[in-house]
Amino acid sequence: MQKGLVMNKLLDMFKDKEKMKHYVLYIIFGVLTTLVDFGVYSLLINCLPSLNENFANMIGIFASIVFAYFTNRKYVFKTKEKISFKEGINFYLSRVSTLLLDMLMMYIFVSVLKFDDKVIKLIVQVIVIVLNYVLSKFIVFKKK
């Protein structure tokens with residue numbers, strides 16, 4: 001019974017063109033965010049070969065979080081209020097928390113329990129994407 005209820009909810013979600021557009025934009029900007037992270041990291045490593053890879057990675061992650069904040073704010077959640085420090089901090093903290101969860105889950109399932117790293121990475125990424133969306137919708141960009 002409950003399985004059918006979930007399927008009906010999913011089907012209803014795809015019938016609403018405005019909601020569908022919302023989810024597609026979230027996915028598009030998620031892919032672009034990943035490209036920003038990878039692009040900044042690659043640029044730093046290629047232009048500054050003596051730069052530590054972990055430091056370049058942190059800068060790439062930070063740049064991608066900033067990019068995600070502004071694109072999600074404007075195009076996905078269409079926030080009209082002025083940018084606030086609290087909103088920016090909430091977004092940054094939510095993304096850092098899912099990053100830490102990602103790292104913890106990878107450590108537990110790959111390093112400790114010895115599951116296949118590619119399978120676990122895929123599962124973890126789905127969890128992180130869903131959590132990022134939920135945190136953004138209900139905490140960071142919640143309608144007032």
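Above this text is the structure in question.
None of the values given here were measured: they were computed from a predicted structure.

Let us now look at a nonpolar patch on the surface. On the surface, Phe-62, Val-66, Phe-70, Ile-83, Phe-85, Ile-89, Tyr-92 and Leu-93 cluster together into a nonpolar patch covering about 800 Å² of accessible area. Looking at the nonpolar patch, the elements with two or more residues in it are α3 (53-76) and α4 (85-112). With four residues, α4 is the single largest residue contributor to the nonpolar patch. In this structure, Phe-62 sits in helix α3.

What follows deals with helix α2 (residues 17-47). The terminal C-alpha atoms of α2, which comprises 31 residues, lie 44 Å apart, in line with the 45 Å expected from a rise of 1.5 Å per residue. The complete set of buried residues in α2 reads His-22, Leu-25, Tyr-26, Phe-29, Thr-33, Ser-42 and Leu-44. Those residues of α2 that are buried lie in contact with α3, α4 and α5 (117-140).

Attention now goes to unusual backbone geometry. Leaving glycine out, the prevailing phi sign among residues is negative, and the prevailing peptide bond configuration is trans. Phi is positive for Lys-78, close to 45°, though the residue is something other than glycine. Secondary-structure assignment places Lys-78 in the loop between α3 and α4. Of note in this structure, Lys-114 is not a glycine but carries a positive phi near 65°. Mapped onto the fold, Lys-114 is located in the loop between α4 and α5.

What counts, and where the lines are drawn
- Residues numbered from 1 in each chain as written.
- Predicted model: local features only at pLDDT ≥ 70, side-chain atom pairs only at ≥ 80, totals over all residues.
- Heavy atoms only, no water.
- Patch = residues over 30% accessible without salt bridge, like charges linked within 9 Å, V, L, I, M, F, W, Y side chains within 5 Å.
- Areas by Shrake-Rupley, 256 points an atom, 1.4 Å probe, with all protein chains shown as cover.
- Salt bridge = Lys/Arg side-chain N within 4 Å of Asp/Glu carboxyl O.
- Helix = DSSP H or I, 4+ residues; strand = E, 2+ residues; numbered from the N terminus.
- Expected span 1.5 Å × (residues − 1).
- Buried < 20%, exposed > 50% of the residue type's maximum accessible area, 1.4 Å probe, protein only.
- Contact = heavy atoms within 4.5 Å.

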